[in-house]
Amino acid sequence: LLGLAFSVSAVSAASNHTINTQNPATMVYSSPEMSLPTLSGELMEEILSVEAAFESDDVKEACERLLDGMSKEDQEIAAQTSYTYWVASITRKECLSPEVQRRMALKEVWRHYIGEGKDHDKALQSLNGSIEHRKKYKINLLRACCFTDFPYENEEDAELARNYKEKVLQDFSKQTIVLRGRDNDDRPIVLARGRMSSGTEVEAFVLARLFITERAIAAAEVLSRGKNGKIVAILDYSGYSSRNAPTFAAIKQIVVVLQGKYPERLKRLVVLEPPFWARSAYNVIYPFLQQDTREKFMMVTGMEARRKALSDLVSLEQISSEILPDGKLTTPTDVQKFVDEVPFHGLYDEAINIESGDKST
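Source: prediction; values computed, not measured.

Draft legend 1. Examining the pattern of salt bridges more closely. This structure, assessed with the given rule, holds 33 salt bridges. In this structure, Arg209 engages Asp171 in a salt bridge whose closest nitrogen and oxygen atoms are separated by 2.8 Å. Residue Arg209 is located in helix 10 (residues 202-223), and its partner Asp171 is located in helix 9 (residues 155-172); the two are separated by 38 residues in the primary sequence. Asp171 gets classed as buried once you look at its relative accessible area, which sits at 1%. Glu273 is the salt-bridge partner of Arg306, the closest N and O atoms lying 3.1 Å from each other. With Arg306 in helix 14 (residues 303-311) and Glu273 in the loop between strand 6 (266-272) and helix 12 (276-285), the pair connects residues that are 33 residues apart, well separated along the chain. Overall, Arg306 belongs to the buried group, its relative accessible area being 4%. Salt bridges sharing common partners tie together Arg180, Arg193, Asp236, Glu273, Arg306, Glu322 and Asp349.

Draft legend 2. Just the sheet that holds strand 5 (residues 231-236), in detail. Strand order across the open sheet formed by five strands is 3-4-5-6-7, with mixed pairing between neighbours. Unpaired on one side and paired on the other, strand 3 (177-182) and strand 7 (297-300) mark the two borders of the sheet. Between one strand and the next, the sheet's axes are offset by a mean angle of 20°, whatever the strand orientation. Across four bridges, the pairing between strand 6 and strand 7 is parallel. For Val270, the partnering residue across the bridge sits in strand 7 and is Met298. The sheet contacts of helix 10 involve strand 3, strand 4 (188-193) and strand 5, and relative to strand 3 the element is tilted by about 20°.

Draft legend 3. Representation of the nonpolar core within the structure. Counting 91 residues, the largest nonpolar core has Phe172, Leu210, Phe211 and Phe338 as the members making the most contacts within it. Top contributing element to this core by residue count: helix 10, with 14 residues. Phe211 has contacts with Leu142, Cys145, Cys146, Val168, Phe172, Phe338, Val339 and Phe344, leaving out every residue within four places of it along the chain. Counting residues in each nonpolar core, the second largest holds 14 residues, with Ile234, Val270, Leu272 and Leu310 among its members.

Draft legend 4. Highlighting the pairing of strand 6. Burial of strand 6 is extensive: five of the seven residues sit out of reach of the surface. In terms of strand pairing, strand 5 meets strand 6 through six bridges, oriented parallel. The residue of strand 6 that forms the bridge with Ile231 is Leu266.

Draft legend 5. Summary view of the environment of Trp110. The residue Trp110 is located in helix 6 (residues 98-115) in this model. For Trp110, a relative accessible area of 18% corresponds to the buried category. For Trp110, the residues in contact, after removing those within four places along its chain, are Ala52, Ala53, Phe54, Val59 and Cys63.

Draft legend 6. Looking closely at unusual backbone geometry. Residues other than glycine seldom take positive phi values, yet Lys138 does so here, at roughly 45°. Tracing the sequence through the fold places Lys138 in the loop between helix 7 (120-136) and helix 8 (139-144). With a phi angle near 65°, Asp186 is a residue other than glycine that sits in the positive phi range. Mapped onto the fold, Asp186 is located in the loop between strand 3 and strand 4. Relative accessible area serves as the criterion here: at 36%, Asp186 is assigned to the partly exposed category.

Quick notes on the rules
- Residues numbered from 1 in each chain as written.
- Predicted model: local features only at pLDDT ≥ 70, side-chain atom pairs only at ≥ 80, totals over all residues.
- Heavy atoms only, no water.
- Salt bridge = Lys/Arg side-chain N within 4 Å of Asp/Glu carboxyl O.
- Helix = DSSP H or I, 4+ residues; strand = E, 2+ residues; numbered from the N terminus.
- Buried < 20%, exposed > 50% of the residue type's maximum accessible area, 1.4 Å probe, protein only.
- Pairing = 2+ DSSP bridges.
- Axes fitted to C-alpha atoms, helices over the stretch in contact; angles between N-to-C directions.
- Contact = heavy atoms within 4.5 Å.
- Core = buried A, V, L, I, M, F, W, Y, C linked by side-chain atoms within 4.5 Å.

Just distances and angles here, no functional claims.
Printed below as a string of structure tokens:
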């Protein structure tokens, strides 16, 4: 699902950024660059105390069996899928304990278990694939690439992080993808516009989508204070040109990379002005989708239909004027600022408006 969406409490003394715990996504800046990832201790402890939403003791026990079958290294990697846990491992190790690690790892195991229909073997395969994915792509370096003073273990990691950032910005220059606004249930909204120029480097295309996926997941965790990890994605095809479409190789690669790696993360995907091929493909697969999956997709054509569809999902105060003319998020999108100045878990407009002195957001 994410492949479809994105393809087509103390703060460390080394940091200059703090967080308003009453509105976790709203950041206050004292520097144009981010030195280290930060969250307030109060917020961090609250998020780390939240368990997975087990629907029964049987489900919890099944997830515990899956976790107990994992190596210690893989349990730690599973725990670090939580952005908050990862930040704590860098800036506030005193917040961590074996109990916290187990709690955060179980949340990741639970997502795979639910995503695979509570099938133990399928969940184990999905979970192992996700762990290997995070090792292969060194996802924590992708998270770290925005921070100027991140304590890399060696120069090789530092160089890889610099390369990651360069590749992300390279693809963002062709297609704007940012976190803008939140839905009516405070889920972050990923806004992806159509690609603006031709030519696609596969590595940059893949890394940019992994980057925005990890940022969206981090934002969802912080906004919900650990209680909800789902996101909303709006893919706007207005002005679409087939000349600028990503290559088949790039699309194939991102589908392979993301398949099964981020289960139970997508709440809703809204495709605006879908081209003929997208609508045709959707109409073909629609009869085979389960009801809960069908409800995640919306194909919308025309401004009136767009306004109606989005009115049930997000308020005008939280929608970009690029999507609806009377949307209240009017700050021009600058992907360089999004990468360099908006906290990894932050929403574009809330962070940028506060930096510029507008406290009304």
